[in-house]
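What follows is each chain in one-letter form.
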Amino acid sequence: MWYLCVFYHRLLDYRKSEVESLAQLFGAFDPEGLDQQNPKGYCSLEWRLPQHHHPDSPFHFVNLPSEDVARKIANRSILVKGMYELWGEGDSYKELEESIKSYPDERKLPYLESGSTFKINVDTFGKVLSLQDQNQRIQGLSYIPFNGRVNLKNPDHKFWLMETDDYGSNNGLPPIVQRRIFFGREIGGADRKLIPTYQLKSRTYLGPTAMDAEMAFLMANQALALPGKLVYDPFVGTGSILVAAAHFGAMTMGADIDIRVVRDGRGPDCNVWSNFKQYGLPMPIALLRADNNLPPWRPGLKEVFDAIISDPPYGVRAGGRKSGGRKLLKGAVSPYVVPDDKRTDHIPSTAPYSLVECVHDLLDLAARLIVMGGRLVFFYPVLREDDYVENHFPEHQCFKLIASSEQILSSRYSRVLLTMVKISPYTEEIADAARIKHMEFRENHLKWLENGNLHSVVFSPADSNSNASGEGKLSKESKPKYRGKYV
Amino acid sequence: MRLLTHNMLSSNIKGVTNGFPLRIEVEKVVEKEVDLNPDFLRSMFSKIDWKALVHAARSIGYSELPDEADPSMLDSDDFLSRFHHALLQLHLEEGVLICPETGRRFPVNKGIPNMLLHEDEV
């Protein structure tokens, strides 16, 4: 059945993939059909736009197997404002009336019975209605035979009247050409207390790149976090991503190369553990200090994590580190032999970790340690100068990319949330290829650092960047004013 | 550090071929209650190296695990609760993990194993 799905007007690129991930989580796709038609372990939903609506519009129609699935998706989603059973729509109130009247009675009457309570909400997009106007519109619905009593606090049934206007001008909102009015019964809505509860400013222990709560929840949804699942973050930092996964009941595990972050924090009540305690969440199963470049997992270990969620260091706001020491990897010095009496307190030196190598290690680790059908969800930075296409994203033969959602960070670069599903097992050949690649990275450490240096591109002075002077400026100005991804 | 983590870790010093299982030297063990999730335990069972778990549990003072285990035992509540206790509720808070081949000591402080290698080990 088709449902009206209304989104918050934020993170436009993330909306549909979130709903599709949740649809899979709540069993919208027949598991047997999934295997036969689509061995990749992933299906997409059918979507439809209201007449004349731009794809960035917050109003979408989505085909879901049942009301139960629709409700579960809406209640867990971060970006869905509500799912509605549409009773009628139109370009004018007259058209809306006809449309509602022609909607079959057997679908309407059960919700209009005399014993029930109801409430009608008025919502608008791209305009504001005064309370008076709202009341007027509600009273205009008197042709619907409401027999129940009004209850504004805790109604059995919520109805929504939603209106968009016919502003043609480019005012920063999607160019919807025509006024459209929707009336529907609410199936479910997002828990809007979630984000304020978890917002970073109330978090006790924060790092410079702690993941924003809303984004962390989106990542946890993409990773299908559920009770009984094990989720791992190899760049855990202050645990901001795992907090979201733990909220959904998943067991969490994290590693970081910086021992000050994972072990000490800022004291006994301000560390990674306290970030979980603060919200009454179960503590991570494990936190450890490990290097993603030389992971300490035992050789036979495979397919243990249901998902890996991570925000790897791109070298823009925080740079990655790996074992080995700068001079050592350059070949300038031979390995420093630690005297036996200093071994216990020795602080090993680390070297910068280029993004390419970091992502290679992440994919290799994920291919080995994620269960079949499990997900790898991580951010990957892209320069906005290139018109990026999908095949610029990292690839691995064990994984299929199922969603990529861009979030623009500055005029220079943006980050893309990649969601991958493991579709084939990790084999000896893949492991060997990864080993060879690992050696290559070691040998050409400096070359990779130079190639993968996003920092200098993002922070270099503007002039040197657009040396093809006139051309560069022109193309910047000719970009349309409205770009949905900014939202 | 729980024994689940111990069961997943090995010494990855360059040249070490048999870095698993790490020997445990105990300074302080604590018990923390965790809700028992049978589905999680069942899915973990096949991924666990049982011998290493039994050994590790003994070395921190818990010897209620059977020497051999097979998947049919997962139907027993008694077995599940012992498995759960060993895997998730016992924590090595302070101690050392020791590489079985080289004797390299990986410290565990405040429950966090430090698996980072020295310069001459990578």
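Counting starts from 1 at the beginning of each chain's written sequence and moves along it residue by residue. To label them, take the chains in the order written and letter them from A, then take the ligands in the order written and number them from 1. Where totals are concerned, whole chains, interfaces and linings use all residues; where local detail is concerned, this predicted model gives features only for residues with pLDDT of at least 70, and gives and counts side-chain atom pairs only at 80 or more.

1. What about the overall build of chain B?
Here comes step 1: Helix numbers and strand numbers start at the N terminus; a helix is a DSSP run of H or I with at least 4 residues, a strand a run of E with at least 2. On a plain count of helices and strands, chain B comes out with 4 helices and 4 strands.
Here comes step 2: The C-alpha atoms of chain B give a radius of gyration of 15 Å, which matches the 14 Å a tight globule of 122 residues would have.
Here comes step 3: Its C-alpha atoms give chain B principal-axis dimensions of about 50 × 25 × 20 Å.
Here comes step 4: For chain B, buried positions account for 39% of its 122 residues.
Here comes step 5: The contact rule is simple: place each C-beta atom from the backbone, and if two of them lie within 7 Å, those residues are in contact. Summarising the internal contacts of chain B: among those between residues at least 6 apart in sequence, 73% fall at separations of at least 24. Atoms counted for the radius of gyration: C-alpha only. Globule rule: 2.2 Å times residue count to the power 0.38. Three classes are used. A residue is buried when 20 or more other C-beta atoms lie within 10 Å of its own, exposed when 12 or fewer do, and partly exposed in between, with C-beta atoms placed from the backbone.

2. A look at the overall build of chain A
Here comes step 1: A tally of helices and strands in chain A yields 18 helices and 17 strands.
Here comes step 2: Taken across its 487 residues, chain A has 39% of its residues classed as buried.

3. A look at unusual backbone geometry
Here comes step 1: For the bond from B:Phe20 to B:Pro21, the omega torsion is -10 degrees, close enough to zero to count as cis.
Here comes step 2: Along the polypeptide, B:Pro21 turns up in the loop between helix H1 (3-8) and strand S1 (23-31).
Here comes step 3: Its identity is not glycine, yet A:Leu11 carries a phi of approximately 40 degrees, on the positive side.
Here comes step 4: By the element assignment, A:Leu11 lies in the loop between strand S1 (2-7) and helix H1 (15-25).
Here comes step 5: The exposure class assigned to A:Leu11 is buried, which follows from the 21 C-beta atoms found within 10 Å.
Here comes step 6: Of note, the phi angle at A:Leu224 is positive, near 55 degrees, even though the residue is not glycine.
Here comes step 7: Within the secondary structure layout, A:Leu224 lies in the loop between helix H8 (213-222) and strand S9 (230-233).
Here comes step 8: Overall, the presence of 24 C-beta atoms within 10 Å leaves A:Leu224 in the buried class.

4. What to know about the packing of H1(A) against H8(A)
Packed helices, taken two at a time, are described by the angle between their axes plus the distance between the axes.
All names here are of chain A.
Here comes step 1: Running from amino to carboxyl end, H1 crosses H8 at an angle of 45 degrees, the nearest separation of the two axes being 8 Å. It follows that H1 is oblique to H8 by the angle criterion. Like other packed secondary-structure pairs, H1 and H8 cross with a definite hand, here left-handed. Residue-level contacts link Ser-17, Glu-18, Ser-21 and Leu-22 of H1 to Leu-218, Asn-221 and Gln-222 of H8.
Here comes step 2: The residue classification treats Ala, Val, Leu, Ile, Met, Phe, Trp, Tyr, Cys and Pro as nonpolar and Asp, Glu, Lys and Arg as charged. All others, Gly included, are polar. When its residues are assigned to classes, the contact of H1 with H8 shows 2 nonpolar, 4 polar and 1 charged. Axis definition: a line fitted to C-alpha atoms, over the contacting stretch in the case of helices. Angles run 0 to 180 degrees between N-to-C directions. An angle below 35 degrees is treated as roughly parallel, one above 145 as roughly antiparallel, one from 65 to 115 as roughly perpendicular, and anything else as oblique. In a left-handed crossing the near helix is turned counterclockwise from the far helix by less than a right angle, and in a right-handed crossing that turn is clockwise.

5. Some details on the sheet that holds strand S10 (residues 251-256) of chain A
Residues and elements named next belong to chain A.
Here comes step 1: DSSP calls a pair of strands paired once it identifies at least 2 bridges connecting them. The mixed open sheet is built from 7 strands, whose spatial order is S11-S10-S9-S12-S15-S17-S16. The sheet is open, and its two edges are formed by strand S11 (286-289) and strand S16 (399-408), each paired on a single side. Direction aside, the axes of adjacent strands within the sheet are offset by 15 degrees on average.
Here comes step 2: Pairing of S10 with S11, which is carried by 4 bridges, proceeds in the parallel orientation. Pairing of Met-253 across the sheet is with Ala-286, part of S11.

6. Structural notes on the interface of chain B and chain A
Here comes step 1: Listed per partner, the contact involves 26 residues of chain B and 33 residues of chain A.
Here comes step 2: For the side of chain B that touches chain A, the elements supplying multiple residues, two or more each, are H1, helix H2 (38-45) and strand S4 (112-113) of chain B.
Here comes step 3: Take the side of chain B that touches chain A: its biggest share by element is 3 residues, from H1(B).

7. Notes on the confidence of the model for chain B
Residues and elements named next belong to chain B.
Here comes step 1: Per-residue confidence from the predictor is given as pLDDT, running between 0 and 100. Within chain B, residue pLDDT values average 93, and 100% of them lie at 70 or more.
Here comes step 2: Ranking the helices and strands of chain B by mean pLDDT puts H1 first, with 96, and H2 last, with 92.
Here comes step 3: Taken over the whole predicted complex, pTM reads 0.90, whereas the ipTM for its chain interfaces reads 0.94.

8. Some remarks on the confidence of the model for chain A
Close inspection of predicted coordinates is inappropriate for parts of the model with low pLDDT.
Here comes step 1: Summarising the model, chain A shows a mean pLDDT of 86, and 88% of its residues fall at 70 or more.
Here comes step 2: Between residues 464-480 of chain A, whose pLDDT stays under 50, and residues either more than four places distant or in other chains, the model counts 3 contacts.

9. A look at the sheet that holds strand S8 (residues 180-189) of chain A
Residues and elements named next belong to chain A.
Here comes step 1: Pairing within the open sheet is mixed, and its 8 strands lie in the order S2-S3-S1-S4-S8-S7-S5-S6. Both outer strands of the open sheet, strand S2 (46-48) and strand S6 (149-150), are each paired with one neighbouring strand and no more.
Here comes step 2: In this sheet, S8 lies alongside strand S7 (residues 157-164) in antiparallel orientation, the contact comprising 6 bridges. Residue Trp-160 lies in a different strand from S8, and its bridge partner there is Gly-184.
Here comes step 3: Strand contacts of helix H3 (residues 67-76): S1, strand S4 (80-90) and S8, with the helix running at about 85 degrees to S8, the strand carrying the most contacts.

10. Quick look at the domain arrangement of chain A
Residues and elements named next belong to chain A.
Here comes step 1: In this entry, domain limits derive from an automatic or database-based domain assignment. By domain assignment, chain A separates into domain 1 (2-192) and domain 2 (195-339 + 347-456).
Here comes step 2: The interface is formed by 15 residues belonging to domain 1 together with 19 residues belonging to domain 2.
Here comes step 3: With 6 residues, the top contributor of residues to the side of domain 1 that touches domain 2 is H1.
Here comes step 4: Among the residues making up the side of domain 1 that touches domain 2, the classes are represented as 6 nonpolar, 4 polar and 5 charged.

11. Side note on the pairing of S9(A)
Note on strand geometry: in a regular strand, side chains alternate between the two faces of the sheet.
Residues and elements named next belong to chain A.
Here comes step 1: Along S9, one buried face is formed by Leu-230 and Tyr-232 and the opposite face, lined by Val-231 and Asp-233, is buried too.
Here comes step 2: For the handedness criterion, the strands are oriented away from the viewer, and a crossover whose path from the first strand over the helix to the second runs clockwise is classed as right-handed. With helix H9 (residues 240-247) bridging S9 and the parallel S10, this β-α-β connection has right-handed handedness.
Here comes step 3: As judged from the 2 bridges shared by S9 and strand S12 (residues 305-310), these two strands associate in the parallel manner. By the bridge assignment, Tyr-232 is partnered in S12 with Ile-308.

12. Section: the nonpolar core
Residues and elements named next belong to chain A.
Here comes step 1: Only buried residues count toward a nonpolar core: Ala, Val, Leu, Ile, Met, Phe, Trp, Tyr and Cys, linked into one set through C-beta atoms within 7 Å. Counting residues in each nonpolar core, the largest one holds 139 residues, and the members touching the most others are Met-219, Val-231 and Ala-245.
Here comes step 2: Broken down by element, this core gets its largest block of residues, 9 residues, from helix H13 (residues 355-369).
Here comes step 3: Among the domains, domain 1 (2-192) and domain 2 (195-339 + 347-456) are the pair contributing at least three residues each to this core.
Here comes step 4: Not counting chain neighbours up to four residues away, the residues in contact with Ala-245 comprise Ala-220, Ala-223, Ala-225, Val-231, Ala-250, Thr-252 and Ile-309.

13. Some details on the packing of H8(A) against H9(A)
Residue and element names in this part refer to chain A.
Here comes step 1: It is the contact of H8 with H9, at a shortest axis distance of 8 Å, that shows an interaxial angle of 55 degrees. The orientation of H8 with respect to H9, classified from their angle, is oblique. Between H8 and H9 lies a crossing of right-handed hand. Listed contacts from H9 to Ala-216, Phe-217, Met-219 and Ala-220 of H8 are Ser-240, Ile-241, Val-243, Ala-244 and Ala-245.
Here comes step 2: Of the residues contributing to the contact of H8 with H9, the split by class is 8 nonpolar, 1 polar and no charged.

14. What to know about the environment of A:Gly249
All names here are of chain A.
Here comes step 1: Looking at where Gly-249 falls in the secondary structure, it is placed in the loop between H9 and S10.
Here comes step 2: Here the alpha-carbon distance between Gly-249 and Gly-228, two residues 21 residues apart in the chain, equals 7.2 Å.
Here comes step 3: Ignoring sequence-local partners within four residues, the contact set of Gly-249 consists of Leu-226 and Pro-227.

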